[in-house]
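Letter by letter, the chains look like this.
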2 protein chains.
Amino acid sequence: MSILERLAEILEPSDLLTEASDTAPYLTDWRKLYRGQALAVVRPRDTGQVSRIVALASEAGISIVPQGGNTGLAGAGVPPSNGNNLVLSLERMNKIRSIDPANYTITVEAGCVLQQVQEAAAKADRLFPLSLSAEGSCRIGGNLSTNAGGIAVLRYGNMRDLALGLEVVLPDGRIWNGLRALRKDNTGYDLKQLFIGAEGTLGVITAAVLKLFPRPRERACAFVAVPSLEATLELLGRLRAASGDSLTSFELIPRVALEMAIAHVPGSFDPFPDPHEAYLLIEMTSSRENSGVTTIAEEALTAAMEAGLITEATIAQNEAQAKALWFLREAIVEAQKAPGACIKHDVAVPVAAVPAFLKEARQAAEAAQPGVLVYAFGHLGDGNIHFNLMQPKGMKPEDFTAQTHRLNRVVHDIVARYHGSISAEHGLGQLRNEEVRRYKPAIEFELMQKIKAALDPKGIMNPGKVL
Amino acid sequence: MSILERLAEILEPSDLLTEASDTAPYLTDWRKLYRGQALAVVRPRDTGQVSRIVALASEAGISIVPQGGNTGLAGAGVPPSNGNNLVLSLERMNKIRSIDPANYTITVEAGCVLQQVQEAAAKADRLFPLSLSAEGSCRIGGNLSTNAGGIAVLRYGNMRDLALGLEVVLPDGRIWNGLRALRKDNTGYDLKQLFIGAEGTLGVITAAVLKLFPRPRERACAFVAVPSLEATLELLGRLRAASGDSLTSFELIPRVALEMAIAHVPGSFDPFPDPHEAYLLIEMTSSRENSGVTTIAEEALTAAMEAGLITEATIAQNEAQAKALWFLREAIVEAQKAPGACIKHDVAVPVAAVPAFLKEARQAAEAAQPGVLVYAFGHLGDGNIHFNLMQPKGMKPEDFTAQTHRLNRVVHDIVARYHGSISAEHGLGQLRNEEVRRYKPAIEFELMQKIKAALDPKGIMNPGKVL
């Protein structure tokens, strides 16, 4: 019996896709940077089916490429081009299995869309804090497999910090039920940590127990101009202390990005009459009613202005104003789609090193590619900067794109000097899995290879990614 | 050349102990429950020495037993009795390597005493939040290796959540420098997670980068009586919300423990005129000056009293009163040393299941051992209860202790039914490493064994612990 016939015994016809027109969306990423081939796309409906599919693949020596919302930026969900693999989409496993508000936990299947989990939590008067641009289409399994970050990491941590338990189908098809809902459990190695951030190379995450938090009832949202990047560090410390460590977002927006948004994204606006080199979008939240969080923010920002740490500030006085400020943050991402090529870097350095790093990396990029536009924005509070480079005016996009490898190296070599990371929140996938070898000690790859060989000796799980 | 001669080439004479009188304290735990033998106790002064010692041991087929402050409760730091091993004490590696307040990080050697790290952080106007009874003598390497918990986990997490980077000497003696100070880094498997909580079975942690937080400036500390355990869940939810999720401690103190403290620990007192079945010690903190945290606590507790969730409450009005309330929390631990035997359980269940678990476990323990005194206290906010059993009056201590295995099973079987953990914060060591096999799926041990074999193929790292 062929592999497809055997899969047909496990799956409903509509869950086994083999026609090119059906499989095409699963064989490329949303930016169409990567393209692969597969024997089929399978869309199991429960963990038992995942188990049987993986067992079959293991026996037949066929690779498994797990896929969530296919919103990744590093190509981890796209199959290799050899075609000897199955894309395993988790999209049909999208049930909220249970929610326990008193335990502050929710148990969800890997195919749940992030926004669906946020909404289920809100309905139970709780917060699931992970939040990122793709939240309307990315899925929890992908968030776990890439250890997703986003705009609330400063307060709530990365996806790794939000997971209490996992259910995983191992590379031989067996199911590991580690769906614990415990805050403390020291009974051996913490196995779930292996699968989080492994980009599907050690098994298929099928469900998870996630942490919830009290639902925020009030937020203070401010947009401020800063006199220098150095001033942001002192400001961050003051705001963390003044807010009772309730600072949720501390996002860097450079002037160049704001201008690009105003030029290309309808609805964008300049919050201040005069231009400033750099801005921050700041948010504090409180689960307390009548928390006075806006007053707290106002007082802290007034003091910061007197201390010369900010030059202008506007604080949203209502929800509509807060949304308008956040719209600017989204618009600067959107504005990157303006005509011309863009070379992206998702890097992190210690928070305290961000100003020095940015100065050095900007100079190096401008020296390496005269006329380049440095478009560096993002999660300053986490030390995570999207250090993107836009092509010089008048250059052909393809000529600029041809410089990707060279410019990556210029930027990443500086990241390495600051003991940083060349993939802060997007993962390695097939985008950075070669390049990372230049920066990480060989001993780490050796350890990673040993783990991989121990858990997936046949190497069928998402080959060509991470390692 | 003998192994001791070769060690003498690496170490100062005072760092290589072989005389029985010198080695004795390292060969047993502080409660004298476990005892082992060793060729020598080595006390390296830097990572290079650790590396050479481990390489030598690996070559010679001698085991390494890492030891920190030797305050563990599960015997993980005590060597086996076969004597073919070295106790590797980290106590001489006790330097704070650096502190970076603007990055909210501190880099410390594994032999730093926990309190030393707390103090270094405070001096830099920062908080290192791990806090537990042994903080004056336990060491960071041990805290990491057992993923220590304590009294502030509700807000700040376990030790695992507080570590950003590690330096580890691997079982072949090579040094892995993973001392990253980054909030985000998704460049492959998160290797540090393997060593945290592994109780020294995969390598020797020699240094770590730890997270710091804004230093609390104010605290509200309250002692309340509750009408029922069920009421504590609603109270926990209200206090988390009302405090802006700044609830740091939510500790259960049963009447029986308070009485025992009053009887046996000088300075203990009853905060209320009438007795109550159960009490909570509650603390909220704020890094904000003039935070109004005491007013917030008062308002929330008044509302809770009106809702029938608490029956009496006292809020500390100054630091001396807060210290007096915390003294009671410490006294109930101390009071367990009162005459007679005590059988201890460090268990966790989902927070929402604590009331039902406690009721069922109490009934089962009392049925299994008539006259037993259930002394269940601890970190209710984390679902972590020290479910201890004190011997019936008039019974011989050794007769009660002889029931340990049987009573462990009674309690732990119920923990398992509530999908709990039989070692919430103390680890497995040699105390629970056999017993845990009854409760964890075999597939987890298989995965753990695979990891162990991959990283420590000669099995020289702390044999007989965890696995």
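Residue indices begin from 1 for each chain and proceed along its sequence in written order. By the order in which they are written, chains take letters starting at A while ligands take numbers starting at 1. With the structure being a predicted model, the display of local features is reserved for residues of pLDDT at least 70 and the display and counting of side-chain atom pairs for 80 or more, all residues being used for whole-chain, interface and lining totals. Side-chain calculation: all heavy atoms of the structure are included, whereas hydrogens and water are not.

**A word on the overall build of chain A**
Looking only at helices and strands, chain A features 16 helices and 19 strands. The globule rule used here is 2.2 Å times the number of residues to the 0.38 power, and the radius of gyration it is set against is calculated over C-alpha atoms. Taking 2.2 N^0.38 as the reference for a compact globule, 467 residues should give roughly 23 Å; the C-alpha atoms of chain A span a radius of gyration of 23 Å, in line with that estimate. By principal-axis analysis of the C-alpha atoms, chain A measures approximately 75 × 55 × 45 Å. Here's how the labels work: a residue is buried when its accessible area is under 20% of the maximum for its type, exposed when over 50%, partly exposed in between, all with a 1.4 Å probe on protein chains only. The buried share of chain A, reckoned over its 467 residues, is 60%. Pairs of residues are marked as contacts when any of their non-hydrogen atoms sit within 4.5 Å. Taking all contacts inside chain A whose residues are at least 6 apart in sequence as the whole, residues at least 24 apart take part in 73%. Neither His nor the chain ends contribute to the count of charged residues, in which Lys and Arg are positive and Asp and Glu negative. Working definition for charges: the position is that of NZ of Lys, CZ of Arg, CG of Asp or CD of Glu. Where the 47 positive side-chain charges of chain A centre and where its 52 negative ones centre are 4 Å apart. Starting at the N terminus, helices and strands are each numbered in turn, a helix being any DSSP run of H or I of at least four residues and a strand any DSSP run of E of at least two.

**Here's the deal with the interface of chain A and chain B**
Taken together, the 84 residues of chain A in the interface contact 84 residues of chain B. Here chain A meets chain B over a buried area of about 6800 Å², counting both sides, of which 55% is carbon and sulfur. When two parts are put together, the accessible area they lose, computed with a 1.4 Å probe and summed over both, is reported as buried area. The largest contributions to the chain A side of the interface with chain B come from K184, N186 and Y189 of chain A, which together make up 15% of the buried area. The salt bridge involving R160 of chain B is made with D190 of chain A; its shortest N-O contact spans 3.3 Å. Looking at the side of chain A that touches chain B, the elements with two or more residues in it are α6 (153–156), α7 (159–162), β9 (175–178), α8 (192–195), β11 (213–214), α9 (230–242), α11 (293–306) and α16 (442–455) of chain A. When residues of the side of chain A that touches chain B are assigned to their parent elements, the largest contribution, 10 residues, is made by α16 of chain A. Put simply, Ala, Val, Leu, Ile, Met, Phe, Trp, Tyr, Cys and Pro go in the nonpolar bin, Asp, Glu, Lys and Arg in the charged bin, and everything else, Gly too, in the polar bin. Residue composition of the side of chain A that touches chain B, grouped by class: 38 nonpolar, 25 polar and 21 charged. Basic side-chain nitrogens of Lys or Arg form a salt bridge, by our definition, when they fall within 4 Å of a carboxyl oxygen of Asp or Glu.

**Here we look at the domain arrangement of chain A**
Residue and element names in this part refer to chain A. Here chain A is described as being made up of domain 1 (96–214), domain 2 (218–336) and domain 3 (340–427). All domain edges in this entry derive from an automatic or database-based domain assignment. Here domain 1 and domain 3 have C-alpha centroids that lie 30 Å from each other. In this complex, domain 1 contributes seven residues to the contact, which on the side of domain 3 involves five residues. Between domain 1 and domain 3, a total of about 480 Å² is buried, with carbon and sulfur atoms accounting for 47% of that surface.

**Description of the relation of the copies chain A and chain B**
The two copies are related by a screw operation: chain A maps onto chain B through 180 degrees of rotation and 0.0 Å of translation along the axis, at an RMSD of 0.0 Å. Those values place the two copies in the arrangement expected of a two-fold rotation axis. The fraction of interface residues of chain A whose copies in chain B are also interface residues reaches 100%, indicating that both copies meet through the same surface. Superposition of the copies was done by least squares, using only C-alpha atoms of residues whose pLDDT is at least 70 in both.

**Notes on the pattern of salt bridges**
Counted by the stated rule, this structure contains 68 salt bridges over all chains. E446 of chain B serves as the salt-bridge partner of R174 of chain A, at 2.5 Å between the closest nitrogen and oxygen. Of the two residues, R174 of chain A is situated in the loop between β8 (163–169) and β9 and E446 of chain B in helix α16 (residues 442–455); the pairing between them involves two chains. Using a relative accessible area of 32% as the deciding quantity, one classes R174 of chain A as partly exposed. In this structure, R97 of chain B engages E167 of chain B in a salt bridge whose closest nitrogen and oxygen atoms are separated by 3.1 Å.

**Re the nonpolar core**
Ranked by size, the top nonpolar core spans 199 residues in total, and within it F128 and F387 of chain A together with F128 and F387 of chain B carry the most contacts. Apart from residues lying up to four places away in sequence, F128 of chain B is in contact with L114, V117, Q118, A121, I140, M159, L162, L210, K211 and L212 of chain B. Put simply, a nonpolar core is a bunch of buried Ala, Val, Leu, Ile, Met, Phe, Trp, Tyr and Cys residues held in one set by side-chain atoms that sit within 4.5 Å of each other.

**Overview of the environment of L358 of chain B**
All names here are of chain B. Mapped onto the secondary structure, L358 falls in helix α13 (residues 354–368). Under the relative-accessibility criterion, L358 is labelled buried at 7%. For the pair L358 and V374, spaced 16 residues apart in sequence, the C-alpha to C-alpha distance is 9.7 Å. Filtering out sequence-adjacent residues up to four positions away, L358 remains in contact with L229, L252, A376, I385 and F387.

**A few points about the side chain of N158 of chain B**
Take N158 of chain B: it is sitting in the loop between α6 (153–156) and α7 (159–162). In this structure N158 of chain B comes out as buried when scored by relative accessible area, which is 6%.

**Observations concerning the pairing of strand β10 (residues 204–211) of chain B**
Residue and element names in this part refer to chain B. Burial runs high along β10: eight of the eight residues are buried. Each pair of strands is called paired provided DSSP finds at least two bridges between the two strands. Sheet topology note: the strand β6 (residues 105–109)/β10 ladder contains five bridges and is antiparallel. From the neighbouring strand, V108 faces β10, where its bridge partner is A208. Pairing of strand β8 (residues 163–169) with β10 involves six bridges; the strand directions are antiparallel. Residue pairing across strands places V168 opposite I205, the latter belonging to β10.

**Regarding unusual backbone geometry**
Positive phi is not limited to glycine here, since N462 of chain A has a value of about 40 degrees. Residue N462 of chain A is classed as buried on the basis of its relative accessible area of 1%.

**Thoughts on the sheet that holds strand β1 (residues 16–17) of chain A**
Sheet strands pair via backbone hydrogen bonds, and the direction of the pair is either parallel or antiparallel. Residues and elements named next belong to chain A. The strand order across the open sheet formed by four strands is β1-β2-β4-β3, and the pairing between neighbours is mixed. Each edge of the open sheet carries a strand with a single partner, namely β1 and β3 (63–67). Bridge count between β3 and strand β4 (residues 85–89): five bridges; the pairing is parallel. Within the sheet, the bridge partner assigned to I64 lies in β4 and is L86. Axis geometry follows a simple rule: fit a line to the C-alpha atoms, using only the stretch in contact for helices, then measure angles between N-to-C directions, giving values from 0 to 180 degrees. Running at roughly 165 degrees to β4, helix α3 (residues 47–60) makes contact with β2 (40–42), β3 and β4 of the sheet.

**Some details on the UniProt feature "domain: FAD-binding PCMH-type" (unreviewed entry) in chain A**
UniProt annotation of "domain: FAD-binding PCMH-type" (unreviewed entry) refers to residues 34–215 of chain A when read in the numbering used here. Taken as a whole, residues 34–215 of chain A contains 23% helix and 25% strand, while its terminal C-alpha atoms sit 39 Å from one another. UniProt positions are given in the numbering used here, feature names are shortened, and annotations may be inferred rather than shown by experiment.

**A word on the side chain of N384 of chain B**
Along the polypeptide, N384 of chain B turns up in strand β19 (residues 384–390). For N384 of chain B, a relative accessible area of 0% gives the class buried. Not counting residues within four places of it along the chain, the set of residues in contact with N384 of chain B comprises K184 of chain A together with D346, V347, A348, F377, G378, H379, A424 and E425 of chain B.

**Structural notes on the packing of aromatic side chains**
Given two aromatic rings, one states the distance between the centres and the angle between the planes to describe the pair. Two aromatic rings, drawn from Phe, Tyr or Trp (for Trp, its six-membered ring), form a pair once their centres lie within 6.5 Å of each other, and the interplanar angle then sorts them: stacked below 30 degrees, edge-to-face above 60, tilted otherwise. Counted by the stated rule, this structure contains 16 aromatic pairs over all chains. Each ring, one from W176 of chain B and one from F195 of chain B, has its centre 6.0 Å from the other, and the planes form 35 degrees; the classification is tilted. Here F195 of chain B lies in helix α8 (residues 192–195) and W176 of chain B lies in strand β9 (residues 175–178), a separation of 19 residues in the sequence. Residues W176 of chain B and F195 of chain B agree in their burial class; the two are buried. An aromatic cluster is built from F223, F272 and Y279 of chain A, whose rings are joined through pairwise contacts. Consider the ring centre and the ring normal. A charge sits over the ring if Lys NZ or Arg CZ is within 6 Å of that centre and within 35 degrees of that normal. Its end group placed over the ring of Y104 of chain B, R240 of chain A keeps NZ or CZ at 4.0 Å from the ring centre. One residue, R437 of chain B, lies across the ring of F445 of chain B, its end atom 4.4 Å from the ring centre.

**Brief notes about the packing of helix α1 (residues 3–10) of chain B against helix α3 (residues 47–60) of chain B**
Residue and element names in this part refer to chain B. Contact geometry of α1 with α3 gives a least axis separation of 10 Å together with a crossing angle of 165 degrees. As far as their axial angle goes, α3 and α1 are roughly antiparallel. For α1 against α3, the interelement crossing comes out right-handed. Judged by residue contacts, I3, R6, L7, E9 and I10 of α1 engage Q49, R52, I53, L56, E59 and A60 from α3. Grouping the constituent residues of the contact of α1 with α3 by class yields six nonpolar, one polar and four charged. Put simply, angles under 35 degrees are roughly parallel, angles over 145 are roughly antiparallel, angles from 65 to 115 are roughly perpendicular, and the rest are oblique. Left-handed describes a crossing whose near helix is turned anticlockwise from the far helix by less than a right angle; the clockwise case is right-handed.

**Looking at the environment of Y439 of chain A**
Along the chain, Y439 of chain A falls in the loop between α15 (404–417) and α16. A C-alpha to C-alpha distance of 8.0 Å links Y439 of chain A and D413 of chain A, two positions 26 residues apart in sequence.

**Let's talk about the environment of S21 of chain B**
Looking at the element boundaries, S21 of chain B is found in helix α2 (residues 20–23). Sequence separation between S21 of chain B and C342 of chain B is 321 residues, and the spatial gap between their C-alpha atoms is 30 Å.

**Notes on the confidence of the model for chain A**
Scored between 0 and 100, pLDDT is the confidence that the predictor attaches to each residue. Residues at a pLDDT of 70 or more form 100% of chain A, whose mean pLDDT is 97. Taken over the whole predicted complex, pTM reads 0.98, whereas the ipTM for its chain interfaces reads 0.97.

**Some thoughts on the sheet that holds β8 of chain A**
Residues and elements named next belong to chain A. The five strands are arranged β5-β6-β10-β8-β9 in an open sheet whose pairing can be described as antiparallel. Each having just a single partner strand, β5 (96–100) and β9 make up the two edges of the open sheet. Each strand axis lies, on average, 10 degrees off the axis of its neighbour in the sheet, ignoring direction. As paired elements, β8 and β9 share four bridges and run antiparallel to each other.

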